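Listed here are the chains, written in short residue letters.
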Amino acid sequence: MRSAALRRCLAPALPAALPPSRGLCGRRARGAEAARKITENAKKSLASLKRENPQLEPTLAIIQAHNDHLIQEINKNFAEEVGLHVIHISLPEGSSKDEIVYEILRLNEDPNVQGLALDLPESLYSSKVLNAVKPEKDVDGLSDVNLGRLVRGDAHDCLVPPTARAVMELLEDIGGKTVLLVGAGGAVGAALQCMLQREGAATLSCRWKASQLQTKLHHADVVVVGSTKPDDVPVSWIKPGTTVISCSRDLLSERHNYSQQNNHAAENAVGSLAIAMRMQNMVKNMERWIQSQQYRKWDLRCLKLQPLSPVPSDIEISRAQSPKAVDVLAKEIGLLTDEIEIYGQTKAKVRLSLLERLKDQPDGKYVLVAGITPTPLGEGKSTVTIGLVQALTAHLNINSFACLRQPSQGPTFGVKGGAAGGGYAQVIPMEEFNLHLTGDIHAITAANNLLAAAIDARILHENTQSDKALYNRLVPVVNGMRGFSAIQLARLRRLGINKTDPGTLTEEEMSKFVRLDIDPSTITWQRVVDTNDRFLRKITVGQANTEKGFVRQAQFDIAVASEIMAILALTTSLQDMKERLGKMVVANDKNGEPVTAEDLGVTGALAVLMKDAIKPTLMQTLEGTPVFVHAGPFANIAHGNSSVLADKIALKLVGERGFVVTEAGFGADIGMEKFFNIKCRASGLVPSVVVLVATVRALKMHGGGPNVTAGAPLKKEYTEENLQLVADGCCNLQKQIQITQLFGVPVVVALNVFKTDSPAEVDLVCKIAKQSGAFDAVPCNHWSAGGRGAVKLAQAVEKAANQKNSFKYLYSLELPIVEKIRIIAEKVYGAQDIELSPAAQSQVDRYTQQGFGNLPICMAKTHLSLSHQPERKGVPTGFILPISDVRASIGAGFIYPLVGTMSTMPGLPTRPCFYDIDLDPITEQVTGLF
């Protein structure tokens with residue numbers, strides 16, 4: 001409660017010799033009563049907001065550039081009474097506009113400050129200063145944005161300047177009266193004129209030095225004073241009975257110099273009332289802020305497509321479309337300005353704080369796009385994914401999000417090319433999508449190789465130093481003090497050493513602490529690079545004399561094969577990622593116990609390198625619908641799905657009736673199986689529909705069609721109608737439908753149509769798919785027509801999503817590792833049995849003994865066949881699946897058996913894609929990507 005002394009300061013002062021008029025007393029009392037009621041109402045409103053939002057800590061920042069501490073105290077006391085926290089930034093009296101603006105910009109970006117007010121000398125209230133304040137934080141309502149809304153009559157969408165509101169509160173029955181604003185220019189004056197005119201008053205405005213001031217004062221019914229009256233302007237110029245309202249800041253410090261007469265109804269109560277209204281504005285601002293944090297309906301402006309025939313190249317189509325600025329797209333789908341980090345014009349990282357903001361928002365429908373067993377002819381899963389969301393949002397007005405993997409530069413410059421979709425169903429700009437993006441893969445490479453360097457360095461130092469020397473270097477004396485780092489203390493606890501003083505460890509404890517005793521023959525952690533380089537498949541490290549004879553054979557993997565990539569795709573939060581990074585097993589010690597990244601002390605550093613990579617990247621389709629691009633593990637050597645975080649954020653953003661469409665790599669037997677058994681287990685999400693992609697020409701290859709040679713013309717079997725070949729090849733489609741049904745999820749078949757497909761072939765595939773248990777089978781033309789060509793597919797998916805869903809996992813995690821492998825081999829691949837090599841069996845036994853037996857299985861297998869033999873198309877049967885080795889990604893959370901020989905480093909072909917990729921040095925445009 002404000003003190004009595006403060007209340008006396010706020011009470012309007014009148015000369016003792018002159019008794020106040022009745023009108024003055026009434027107006028003063030009304031002003032005090034209004035301030036009291038406004039404060040009480042604001043207090044109640046804020047208390048209600050806090051009950052509904054217990055974590056709410058409303059904070060008002062006030063920038064002050066004068067030495068008047070009374071005003072600061074008044075603001076503070078009003079704020080405390082209402083329940084607001086106030087931060088005062090007190091700048092020196094002579095501060096410049098640039099110094100004020102600097103503070104404003106800093107507070108604009110402070111997420112803990114929801115409101116910003118200015119208490120400045122009149123000379124600093126410039127347009128530059130006022131408009132530096134973010135409109136959503138402008139509690140004094142003085143920015144051009146707020147004033148513009150006021151002038152337009154959008155009272156519900158603006159905050160009225162408190163001083164102007166206070167004046168209007170004190171005045172009554174002003175219709176038809178003449179109101180003169182003296183020394184009240186700028187934003188407050190403009191707001192007052194607008195509000196007075198709306199009440200029917202005639203308004204005039206002039207400066208104190210104006211030559212016609214005396215005449216205007218004599219004719220005015222009400223005088224509103226905005227600044228200190230000069231001594232050379234006598235009160236006698238004001239006609240008897242005139243109401244005088246002072247808005248000057250001086251009135252709070254009682255530095256006003258008005259002489260009053262019995263016939264002048266002078267009023268000085270604006271100051272305290274204005275501050276009460278400032279606090280009320282702050283509470284209103286909190287209501288808006290809370291509303292802005294809640295889910296908002298999309299206001300998406302889709303981009304128009306004008307498909308050409310024949311269809312141009314992918315990059316020509318991409319370049320012909322003008323994408324929306326990414327901040328515009330973000331706003332359209334309900335992202336807040338502080339939830340995005342913009343990279344250029346068309347990409348932005350999305351912060352994970354959104355998940356907390358929308359935690360109570362129901363998820364949308366979850367759709368997975370998978371495919372038949374891949375062929376060199378391609379099936380077009382990415383194209384279907386993009387075409388489907390374009391159809392849903394741009395043509396059916398249903399919120400939808402595509403979630404895609406980031407392409408590796410290995411395939412981009414090697415054989416496959418880009419992965420942005422194709423034709424009129426792709427992510428744009430496609431060259432930015434395919435090249436670097438926001439640097440996530442480079443971050444993974446840096447983190448992976450830091451850990452690899454730490455392993456070899458630790459072995460070298462342990463081999464060449466005594467326990468004492470190691471201890472002195474690992475726990476050095478710094479500025480006369482010696483202490484363990486946080487990660488070292490954690491290692492001590494794992495070792496059962498509950499000490500925090502480095503000087504108290506025994507020699508035995510020191511030895512246990514400093515020696516990891518890594519067995520070099522068990523190291524499984526490899527260096528990585530995001531390039532197809534076959535000559536790095538086997539290398540020798542440590543050949544320099546400085547490494548003192550520590551030489552070992554090693555290899556490079558492609559960057560997306562790193563366990564850190566798998567962790568990025570499966571993590572659910574920054575804390576979860578950090579824990580997973582620490583759990584990564586890199587080798588065994590000489591006693592057969594696992595050695596982790598946490599043991600090496602590198603977990604925190606890895607998390608730092610990955611702190612930006614964990615945020616999904618927002619892009620858009622050709623029709624302006626949103627896309628998340630995040631993570632990019634291969635499906636044949638990892639789990640082959642985009643990130644859990646991208647899916648979770650998208651599911652919140654689309655709303656309960658919306659759709660999130662994500663893609664699993666390669667065939668349903670590979671990517672989809674891992675999506676269900678690994679990704680859904682990590683995320684807890686339940687899929688609504690599977691879209692299974694096929695093409696007539698790919699089915700013909702599975703039916704026994706001739707081999708396809710890259711660059712050579714297609715043989716007539718693929719360009720002419722051949723119903724028998726199609727029918728024979730549909731066995732693979734039927735098998736993939738059966739695999740989907742193992743998980744209890746409805747399946748819709750999407751048939752990508754080519755111009756060489758006959759109507760009879762298309763009808764045959766759709767008929768067989770439906771007879772085999774598909775909910776529907778739909779021909780699609782999105783490659784040539786954009787979203788319009790996938791409308792029927794979108795409608796089928798929407799209907800299928802409303803079907804009964806009995807989703808279930810294929811196996812229990814409690815089963816032994818070998819039994820889980822066998823279930824996948826027999827039920828998914830159609831194998832007769834499995835056969836483990838002695839090395840594989842030994843690893844299974846070791847992982848079981850180490851406590852890793854309850855992890856899901858991630859099969860590393862060729863994607864070109866249901867079997868382990870790439871040349872066997874269709875649906876092979878009767879084969880024994882050979883398991884050559886078994887490895888573990890403990891941080892990612894799965895065991896991965898190697899089927900046959902699997903390379904984790906692709907090589908370049910005779911003619912890589914890079915022959916066609918070029919840069920125009922004048923326009924800086926990329927050519928040759930497809």
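To start, this report covers the structure provided alongside it. (Residues numbered from 1 in each chain as written. Predicted model: local features only at pLDDT ≥ 70, side-chain atom pairs only at ≥ 80, totals over all residues. Heavy atoms only, no water.)

## A word on the overall build of the protein chain
Counting its secondary structure elements, the protein chain contains 33 helices and 33 strands. Along the three orthogonal principal directions, the C-alpha set of the protein chain runs to about 115 × 80 × 55 Å. In the protein chain, once contacts between residues fewer than 6 apart in sequence are set aside, the share between residues at least 24 apart is 73%. For the protein chain, the computed accessible surface area is about 38900 Å², with 51% contributed by carbon and sulfur atoms. Both charge centroids of the protein chain, one from 100 positive and one from 96 negative side chains, sit 3 Å from each other. (Helix = DSSP H or I, 4+ residues; strand = E, 2+ residues; numbered from the N terminus. Contact = heavy atoms within 4.5 Å. Areas by Shrake-Rupley, 256 points an atom, 1.4 Å probe, with all protein chains shown as cover. Lys, Arg positive; Asp, Glu negative; His and termini not counted. Charge placed at Lys NZ, Arg CZ, Asp CG, Glu CD.)

## Concerning the nonpolar core
Core analysis: the biggest nonpolar cluster contains 147 residues, and Phe-401, Leu-618, Phe-628, Leu-653, Phe-676, Leu-733 and Leu-881 have the highest contact counts within it. Ignoring sequence-local partners within four residues, the contact set of Phe-628 consists of Val-350, Phe-401, Ala-402, Cys-403, Leu-404, Pro-616, Thr-617, Leu-618, Ala-646, Ile-649, Ala-650 and Leu-653. Counting 72 residues, the second-largest nonpolar core is a separate cluster that includes Val-82, Ile-100, Ile-174 and Met-279. (Core = buried A, V, L, I, M, F, W, Y, C linked by side-chain atoms within 4.5 Å. Buried < 20%, exposed > 50% of the residue type's maximum accessible area, 1.4 Å probe, protein only.)

## Observations regarding the environment of Gly-853
Among the structural elements, Gly-853 can be located in the loop between helix H33 (838–849) and strand E30 (880–889). Spatially, the C-alpha atom of Gly-853 lies 7.8 Å from that of Glu-814, the residues being 39 residues apart in sequence. If near-sequence neighbours (up to four positions away) are discounted, Gly-853 is found in contact with Leu-813, Leu-815, Ile-817, Lys-820, Tyr-847 and Thr-848.

## What to know about the side chain of Thr-373
Tracing the backbone through its elements, the reader meets Thr-373 in the loop between strand E11 (365–371) and helix H14 (381–395). With relative accessibility at 1%, the residue Thr-373 sits in the buried group. Within polar-contact distance, the side chain of Thr-373 engages the side chain of Gln-736 at 3.0 Å. Setting aside anything within four residues of it in sequence, one finds Thr-373 in contact with Glu-379, Gly-667, Asp-669, His-702, Asn-732, Gln-736, His-863, Leu-864, Ser-865 and Leu-866. (Polar contact = N/O pair within 3.5 Å; in protein donor to acceptor, adjacent residues only side chain to side chain.)

## Notes on unusual backbone geometry
Cis peptide bonds are those with omega within 30 degrees of zero, and the linkage from Ser-309 to Pro-310 qualifies with 0°. By secondary structure assignment, the location of Pro-310 is in the loop between helix H10 (270–293) and helix H11 (314–320). The omega angle of the peptide bond from Ile-428 to Pro-429 is -10°, so this bond is cis rather than trans. In this fold, Pro-429 is placed in the loop between strand E14 (425–428) and helix H16 (430–434). At Lys-548, a residue that is not glycine, the phi angle is positive and equals roughly 55°. Positionally, Lys-548 belongs in the loop between strand E18 (539–541) and strand E19 (552–554). The exposed category is assigned to Lys-548, whose relative accessible area is 62%. With a phi angle near 55°, Phe-666 is a residue other than glycine that sits in the positive phi range. Locating Phe-666 in the fold gives a position in the loop between strand E25 (659–663) and helix H25 (668–683). Relative accessible area serves as the criterion here: at 22%, Phe-666 is assigned to the partly exposed category.

## Observations regarding the pattern of salt bridges
On inspection of all chains with the given rule, the structure shows 37 salt bridges. As a salt-bridge pair, Arg-152 and Asp-154 come within 3.3 Å of each other at their nearest N and O atoms. Owing to a relative accessible area of 24%, Asp-154 belongs among the partly exposed residues under this scheme. Across the salt bridge formed by Glu-341 and Lys-615, the nearest N and O atoms sit 2.8 Å from each other. Of this pair, Glu-341 sits in strand E9 (residues 340–343) while Lys-615 sits in the loop between helix H23 (603–610) and strand E23 (617–621); the two residues are 274 residues apart in sequence, bridging distant segments of the chain. (Salt bridge = Lys/Arg side-chain N within 4 Å of Asp/Glu carboxyl O.)

## Comments concerning the pairing of E30
Here four bridges tie strand E29 (residues 833–836) to E30, and the two strands are oriented parallel to one another. Paired with Asp-833 across the two strands is Ile-880, which belongs to E30. Direction of pairing for E30 relative to strand E31 (residues 894–899): antiparallel, over a ladder of six bridges. Paired with Val-886 across the two strands is Pro-897, which belongs to E31. Hairpin geometry of E30 and E31 is characterised by an intervening segment of four residues between the two adjacent antiparallel strands and by a positive phi of about 100° at Gly-893. (Pairing = 2+ DSSP bridges.)

## Side note on the sheet that holds E30
If you trace the three strands from one edge of the open sheet to the other, you get E29-E30-E31, paired in mixed fashion. The sheet terminates laterally at E29 and E31, the two strands that pair on one side only. Going from strand to strand, the sheet's axes swing by 50° on average, the running direction of each strand aside. (Axes fitted to C-alpha atoms, helices over the stretch in contact; angles between N-to-C directions.)

## Here we look at the packing of helix H28 (residues 723–741) against helix H29 (residues 759–771)
With their axes 10 Å apart at the nearest point, H28 and H29 run at an angle of 30° to one another. Relative to H29, the element H28 is oriented roughly parallel. Judged by the sense of rotation from one axis to the other, the crossing of H28 with H29 is right-handed. Judged by residue contacts, Leu-723, Val-726, Ala-727, Cys-730, Leu-733, Gln-734 and Ile-737 of H28 engage Ala-760, Glu-761, Leu-764, Val-765, Ile-768 and Ala-769 from H29. (Parallel < 35°, antiparallel > 145°, perpendicular 65-115°, else oblique. Left-handed = near helix turned anticlockwise from the far one by under 90°.)

## A word on the pairing of strand E4 (residues 178–182)
Most of E4 is tucked away, with four of its five residues classed as buried. The pairing of E4 with strand E5 (residues 202–206) spans five bridges and is parallel. Bridge assignment links Val-179 to a residue of E5, and that residue is Thr-203. For the segment spanning E4, helix H8 (residues 186–198) and E5, crossover handedness is right-handed. (Right-handed = clockwise from strand over helix to strand, strands pointing away.)

## As for the sheet that holds strand E3 (residues 115–119)
Judged by pairing direction, the sheet is parallel, and its three strands sit side by side in the order E2-E1-E3 without closing on themselves. In this open sheet, the two edge strands, each paired with only one partner strand, are strand E2 (85–90) and E3. Each strand of the sheet is rotated relative to its neighbour by a mean of 20°, with strand direction disregarded. Pairing analysis gives six bridges linking strand E1 (residues 59–64) to E2, with the strands arranged parallel. When the bridges of E2 are listed, Gln-64 appears paired with Ser-90. On top of the sheet, helix H3 (residues 69–82) reaches E1, E2 and E3; it is set at about 165° to E2, its chief contact.

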